[in-house]
Amino acid sequence: LFEGYIFITKGSSRFFYPTLLHKVLDYRSNGIDAHPMIYPRSILTEFERNGALKILPIGGVPNTRTVNCHEDDGIVSYQSDQFGFNNPAGTWQEQVTFAFVGDSYVHGFCMQNPNTFVGIFRQAFPSTVNIAMKGNGPLIQLAGVREYIPIVKPEIVFWAFYIGNDFENLDDLVDKDSFVEYGQL
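Fair warning: this is a prediction, and the values are worked out from it, not measured in the lab.

Caption draft 1: Spatial organisation of the state of the cysteines. By the definition in use, this model includes one disulfide. Linked covalently through their sulfurs, Cys69 and Cys110 form a disulfide whose S-S length is 1.7 Å. The S-S bond linking Cys69 to Cys110 shows a torsion near 130°; that makes this disulfide right-handed. Highlighted residues: Cys69 in strand β4 (residues 65-71) and Cys110 in the loop between α3 (104-107) and α4 (117-124), separated in sequence by 41 residues.

The following block contains the structure:
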């Protein structure tokens, strides 16, 4: 976030891209509550280093403009719902037919709504909730299912598993005392 400005040269034109932090500050200077994307795995890693893992959020910062990432065509952001997930306002108040669980791909990391995977699905099926977050492995996803799915009681839950890193994410948490205790509740 703090890398300063990035200069990109294309032919004779020079483009000036602000960092994610600058975008957050720009939103705030215009009266918009904004935060950089904070995802559970990043918090988990920091707390593990300090041996202080006691509480782990499952979603991001609620009810805020979440500055997600920097893509070729600019900064990607979304308005988070009341639980910090990438859902439109009012999603949790309506009858939900479908729910999605997963990590960055399902979350819509670095994609503008409605061009995310779930955003495209939601165009055909508006009664859809998304509790996916970047970096959430199977155990954090299970915690999300346990905490949030009962709120909306969807008819169908799609759980996306990414073989590229979900086994690794599972191994990282399976022996953590906090998760073992949580799983026994």
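Caption draft 2: Geometry of helix α5 (residues 138-152). End to end, α5 covers 21 Å across 15 residues, agreeing with the expected 21 Å (1.5 Å per residue, within 8%). The largest bend along α5 measures about 30° and falls at Val145. Where α5 is concerned, the buried positions are Pro138, Ile140, Gln141, Ala143, Gly144, Val145, Tyr148, Ile149 and Val152. Note on α5: the residue one or two positions beyond its end, Lys153, has a positive phi of about 45°.

Caption draft 3: Spatial organisation of the side chain of Asn86. Inspection of the secondary structure puts Asn86 in the loop between β5 (74-79) and β6 (98-101). For Asn86, a relative accessible area of 2% gives the class buried. In this structure the side chain of Asn86 is engaged in a polar contact, spanning 3.1 Å, whose partner is the backbone oxygen of His107. Only 2.8 Å separates the side chain of Asn86 from the side chain of Asn113, close enough to count as a polar contact. When residues no more than four places from it in sequence are discounted, the contact partners of Asn86 are Tyr78, His107, Asn113, Thr116, Arg122 and Asn130.

Caption draft 4: Spatial organisation of unusual backbone geometry. For the peptide bond that leads from Asn113 to Pro114, omega is 5°, which places it in the cis range. Mapped onto the secondary structure, Pro114 falls in the loop between α3 and α4. Of note in this structure, Asn63 is not a glycine but carries a positive phi near 50°. Residue class for Asn63 comes out partly exposed when judged on its relative accessible area of 47%. You will see that Cys110, though not glycine, has its phi angle at about 65°, which is positive. Residue Cys110 is classed as buried on the basis of its relative accessible area of 14%.

Caption draft 5: Spotlight on helix α1 (residues 20-29). Here α1 has its buried residues at Leu20, Val24 and Tyr27. One face of α1 carries all of its buried residues, which in axial projection span an arc of 60°. Against the buried residues of α1 lie β3 (34-36), β4 and β5. Positive backbone phi, at 80°, marks Gly31, one or two positions downstream of α1.

Caption draft 6: Structural context of the side chain of Ser77. On the secondary structure map, Ser77 appears in strand β5. Ser77 gets classed as buried once you look at its relative accessible area, which sits at 7%. A polar contact of 3.0 Å, which involves the side chain of Ser77, links it to the side chain of Tyr27. Within polar-contact distance, the side chain of Ser77 engages the side chain of Arg65 at 3.2 Å. Those residues in contact with Ser77, other than ones at most four positions away along the chain, are Tyr27, Arg65, Thr66, Val67, Asn68 and Gln112.

Cut-offs and rules
Per chain, residue numbering runs from 1 following the sequence as it is written. Owing to the predicted nature of the model, reporting of local features is limited to residues with pLDDT of at least 70; listing and counting of side-chain atom pairs is limited to 80 or more, with chain, interface and lining totals taken over all residues. The basis for the side-chain values is all heavy atoms of the structure; hydrogens and waters are excluded. By convention in this document, the label disulfide applies to cysteine sulfur atom pairs within 2.5 Å. Strands are runs of DSSP state E lasting at least 2 residues, helices are runs of H or I lasting at least 4, and numbering of each runs from the N terminus. Here a helix's expected span is defined as the number of its residues, less one, multiplied by 1.5 Å. Throughout, the bend at a residue refers to the angle made by two axes, fitted to the seven residues ending there and to the seven starting there. Using a 1.4 Å probe on the protein chains alone, a residue whose accessible area is under 20% of its type maximum counts as buried, one over 50% counts as exposed, and one in between counts as partly exposed. We define a polar contact as two N or O atoms separated by no more than 3.5 Å, with the added condition that, inside protein, one atom must be a possible hydrogen donor and the other a possible acceptor, whereas residues neighbouring each other in sequence contribute only through side-chain atom pairs. Residue contacts are counted whenever heavy atoms from the two residues lie within 4.5 Å of one another. Working definition: the arc comes from the directions between the helix axis and the C-beta atoms, pointing outward to the latter.

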